[in-house]
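Residue strings, one per chain:
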Amino acid sequence: MDDLTAVDLKTFENLREQLGADFLPGIVDIFCEDVLLQLQTAESALASGDQSGFTRAVHSIKSTSLSFGALDFGAEARELEALGRAGDLEQAKARFPLMLRACPSLRQNLKELCRA
Amino acid sequence: MPDAPKSRLLVVDDDRVNRLVMQRYLETEGHQVSLAADGEEALALLSQKSFDMLLLDIEMPVMNGFQVLERMTADPLLREVPVVVVSGVEELDSVVRCIQMGAEDYLTKPVNRVLLKARIDASLEKKLLRDRQSALLKRLQREMEIAQHTQMSILPERLPEQAGYTFGALMKPARSVGGDFYDAIPMGEDRWGLVVGDVSDKGLPAALFMTLTYSLIRVEATQNKDPGQALRDVNKYLLEMNNQSMFVTVLCGLLDCREHSFHYARAGHPLPIWISPEGLPLGFEKQPSQALGLFEHPKIDEGIIHLPPHSLLVMYSDGLSEAVNDEGSQLGHTGLEARLRETYQLSPNAVCLDFWQFVQKYSGGSEQQDDFTVLAFHREG
């Protein structure tokens, strides 16, 4: 899966309806801030061989991404979490840059959807 | 205008977005929501104020969901707070472990608002029922304590202080309240009405019937009737007032400390044990007798005995004689007589206490099955 930036519109609109249109932009902003921080945490953990730190960071990215309709991004985080739990940090290292690259576009897409 | 807050909920999740989304959902439903970012924060909040429910993430830094559950289960104050575990779908093994540790329900992330509401409402409903049950139980326990206190307070505060005689008594209900009773009623100079009774059941109904019987005997005894007539008159009232088919066995007697005589009347109750100055059981001429509250004209066994100096008389309820050992054998009247042959030189109070310990030992320390009542007196030299 090369492109992780897609947002599932049905999930996103459902979330807008459940949270309220007034609440959504604020929480998307927070998500965008936090996902960036979690990616940085995961990257540092990978670099230092911190298996549990890496696993926890991608676990967190997974659950929130899926909530906002970033299904592919969340699915990739899930697979990285599984690699982390299995202790396969080498393969995780190989796949992780894809998430780093996708993050800016994903954040952009979410913010645009908020304004829509 | 939003509804008044329904319940106090604590959301425990290390992810800020998850916490805020849950808070939004729950506050929209009218709940009061507090947030904790890990298990330690959650336990700190739980120690400060009460919550109706926890929504608990499993994977958290500092202290995870399992550790929180473990601490809550070990704490009597927190054990009753329902916990709904919120986790990823791939963490089902962890969810099972949480349920085994006491969690009430679980939800998977991302949380569906409709499902969240349904699960929370169901859990809160169960908690409400549990809380009501617990409040009811506490109220019942309190009422039973008051009933026990009331029942014990109607028993004689002090035993007779009579020159030439010493008295002892002990009563141990099998439940909070019981159906046994004893009494020592002043009947004029040097005369005492002594009573031991045993209502057919145990617990609150028996205690109420016991109170009725106790009061009737008091009233009849103070009219200077002989013991047999007093019991027959009590029986008439019991038949009028008793629609629950309860009955009571009674042994009552008039102790005349000048004549050194004991005029007894027995209604279905065990005979007393009478021990001679040499420690030998003295026999009674046993006649048939029937409990009060059942028949219009019950058979009452009456007699008069003359008490030699240094003799001992022990009135007791069947909680003593019907004590059963590991082999299923009852202690019986003869078992009690045999014990008294060893202890007859003790004071009446010490005899009563020894009987209590003896019966407990005979029963092998098993739970007390019947009320225990004993009233004893000793004629001095």
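Report follows, based on the coordinates. All of these numbers come straight from a predicted model, not from anything done at the bench. (Residues numbered from 1 in each chain as written. Chains lettered and ligands numbered in written order. Predicted model: local features only at pLDDT ≥ 70, side-chain atom pairs only at ≥ 80, totals over all residues.)

A word on the interface of chain B and chain A
A common way to express how large an interface is: the accessible area buried when the components associate. Our working rule: Residue pairs are scored as contacts if the distance between their C-beta atoms, which are placed from the backbone, is within 7 Å. Going along the chain from the N terminus, every DSSP run of H or I of four or more residues is numbered as a helix, and every run of E of two or more is numbered as a strand. Under the scheme applied, nonpolar residues are Ala, Val, Leu, Ile, Met, Phe, Trp, Tyr, Cys and Pro; charged residues are Asp, Glu, Lys and Arg; polar residues are all the others, including Gly.
Of the residues lining the interface, 15 residues belong to chain B; the matching set on chain A comes to 15 residues. By residue number, the principal contributor to the side of chain B that touches chain A is helix 1 (residues 16-28) of chain B, which donates seven residues. Its residues placed into classes, the side of chain B that touches chain A shows six nonpolar, two polar and seven charged.

Re the sheet that holds strand 7 (residues 180-186) of chain B
Residues and elements named next belong to chain B. Put simply, the rule is: By the convention used here, strands pair only if DSSP detects at least 2 bridges between them. Each axis is a line fitted through C-alpha atoms, and for a helix only the stretch in contact is used; angles between axes span 0 to 180 degrees, taken between their N-to-C directions.
The five strands are arranged 7-8-9-10-13 in an open sheet whose pairing can be described as antiparallel. Edge positions in the sheet fall to strand 7 and strand 13 (301-306), since each of these pairs with one other strand and no more. On average, adjacent strands in this sheet sit at an angle of 15 degrees to one another, irrespective of strand direction. Both strand 8 (residues 191-199) and strand 9 (residues 248-256) contribute to a ladder of nine bridges, which runs antiparallel. Looking at strand 9, one finds that valine 196 is bridged to leucine 251. In the packing of helix 6 (residues 203-221) onto the sheet, the strands contacted are strand 7, strand 8 and strand 9, and the crossing angle to strand 8 comes to about 155 degrees.

As for the sheet that holds strand 6 (residues 165-172) of chain B
One key point about sheets: their strands pair by backbone hydrogen bonds, in either a parallel or an antiparallel sense. Residue and element names in this part refer to chain B. Pairing in this open sheet of five strands is antiparallel, and the strands run 6-15-14-11-12 from one edge to the other. Edge positions in the open sheet fall to strand 6 and strand 12 (281-282), since each of these has one partner strand only. Examined bridge by bridge, strand 6 and strand 15 (residues 372-379) share eight bridges and lie antiparallel to one another. Residue alanine 169 lies in a different strand from strand 15, and its bridge partner there is leucine 375. Strands strand 11 (273-275), strand 12 and strand 14 (312-316) of the sheet are contacted by helix 9 (residues 332-343), whose axis makes an angle of about 30 degrees with strand 11. The sheet strands contacting helix 10 (residues 348-362) are strand 6, strand 14 and strand 15, and the helix crosses strand 6 at an angle near 30 degrees.

Concerning the pairing of strand 3 (residues 53-57) of chain B
Residue and element names in this part refer to chain B. The following threshold applies: The exposure scheme places C-beta atoms from the backbone and then counts, for each residue, the other C-beta atoms within 10 Å of its own, assigning buried at 20 or more, exposed at 12 or fewer, and partly exposed in between. By convention a crossover is right-handed if, when the strands point away from the viewer, the path from the first strand over the helix to the second runs clockwise.
Most of strand 3 sits out of view: five of its five residues are buried. Of the two faces of strand 3, the one holding Met53, Leu55 and Asp57 and the one holding Leu54 and Leu56 are both buried throughout. Pairing between strand 1 (residues 8-12) and strand 3: four bridges, direction parallel. Looking at the pairing, valine 11 lines up with leucine 55 of strand 3. The parallel pair strand 3 and strand 4 (residues 83-87) is bridged by helix 3 (residues 65-74), and the resulting crossover is right-handed.

By themselves, these figures tell us nothing about what the structure is for.
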